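Overview (structure and organization)
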Amino acid sequence: MTSRMTAAISARLATADGVPLLVHLSYTVTDPVAVRAAILHAGTPLACWHFERQMLADGLHRPVGEGDVRFRPVGGAARRALRIELRGAVPDGQGRAVLLADADGVAAFLCQTYAMVPADAESAHLDEHLDELLSR
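Residues numbered from 1 in each chain as written. Predicted model: local features only at pLDDT ≥ 70, side-chain atom pairs only at ≥ 80, totals over all residues. Heavy atoms only, no water.

**With respect to helix H2 (residues 103-116)**
The end-to-end C-alpha separation of H2 is 20 Å, in line with the 20 Å expected for 14 residues at 1.5 Å each. For H2, every residue scored as buried is listed here: Ala103, Gly105, Val106, Phe109, Leu110, Thr113, Tyr114 and Met116. At its buried positions, H2 is contacted by strand E1 (4-13), strand E2 (20-28), strand E3 (34-41), helix H1 (53-59), strand E7 (81-87) and strand E8 (96-102). (Helix = DSSP H or I, 4+ residues; strand = E, 2+ residues; numbered from the N terminus. Expected span 1.5 Å × (residues − 1). Buried < 20%, exposed > 50% of the residue type's maximum accessible area, 1.4 Å probe, protein only. Contact = heavy atoms within 4.5 Å.)

**Let's talk about empty space enclosed by the protein**
Inspection of every chain in the model, using the stated rule, returns 1 cavity of 30 Å³ or more. Taken as a whole, the largest cavity spans an internal volume of roughly 40 Å³. Together, Val23, Leu25, Phe51, Leu56, Phe71, Ile84, Ala101 and Val106 line the largest cavity. A class-by-class count of the residues in the lining of the largest cavity yields 8 nonpolar, no polar and no charged. (1 Å grid on protein atoms, 1.4 Å probe; cavity = no way out; pocket = protein on both sides within 12 Å on 5 of 7 lines; lining within 4 Å. Points joined across faces, edges and corners; volume = space filled by probe spheres on them. Nonpolar A, V, L, I, M, F, W, Y, C, P; charged D, E, K, R; others polar.)

**Considering the pairing of E2**
Both E1 and E2 contribute to a ladder of 9 bridges, which runs antiparallel. Pairing of Ala8 across the sheet is with His24, part of E2. From the end of E1 to the start of E2, which pair antiparallel, there are 6 residues, and Gly18 there has a positive phi angle of about 50°. Bridge count for E2 against E3 is 5 bridges, and the pairing is antiparallel. Paired with Ser26 across the bridge in E3 is Arg36. Connecting the antiparallel pair E2 and E3 is a turn made up of 5 residues. (Pairing = 2+ DSSP bridges.)

Any functional reading would require information that these geometric values do not contain.
Structure, rendered in structure tokens:
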């Protein structure tokens with residue numbers, strides 16, 4: 001059984017110039033609730049965030065989130081995108097970025113993670129993993 005899944009998703013900043021980005025998503029069965037997202041521009045890491053997997057999945061269909069992370073679907077069937085709004089703890093209020101990521105790529109990644117650990121089975125999987133670690 002695969003214990004780790006990664007995917008590179010194309011994205012762009014939601015600005016007039018639409019700076020191209022790459023969102024490198026990763027998922028591991030040892031932390032089945034979370035998805036890690038490394039955001040890169042021209043190979044340079046810009047930020048790293050951890051999202052709740054179910055929240056990311058829900059964001060493909062409806063607006064979700066509050067505070068530092070928000071997701072919502074945008075566009076039509078022909079060109080779907082996932083709007084990702086990130087807010088950092090920057091005192092001057094400039095720590096905000098809005099990205100538009102390929103929704104189909106995110107959905108395909110999530111489908112593979114749910115094949116590894118089904119929805120609502122995260123806590124049972126964590127218990128199994130913990131038992132395995134403690135038996136060593």
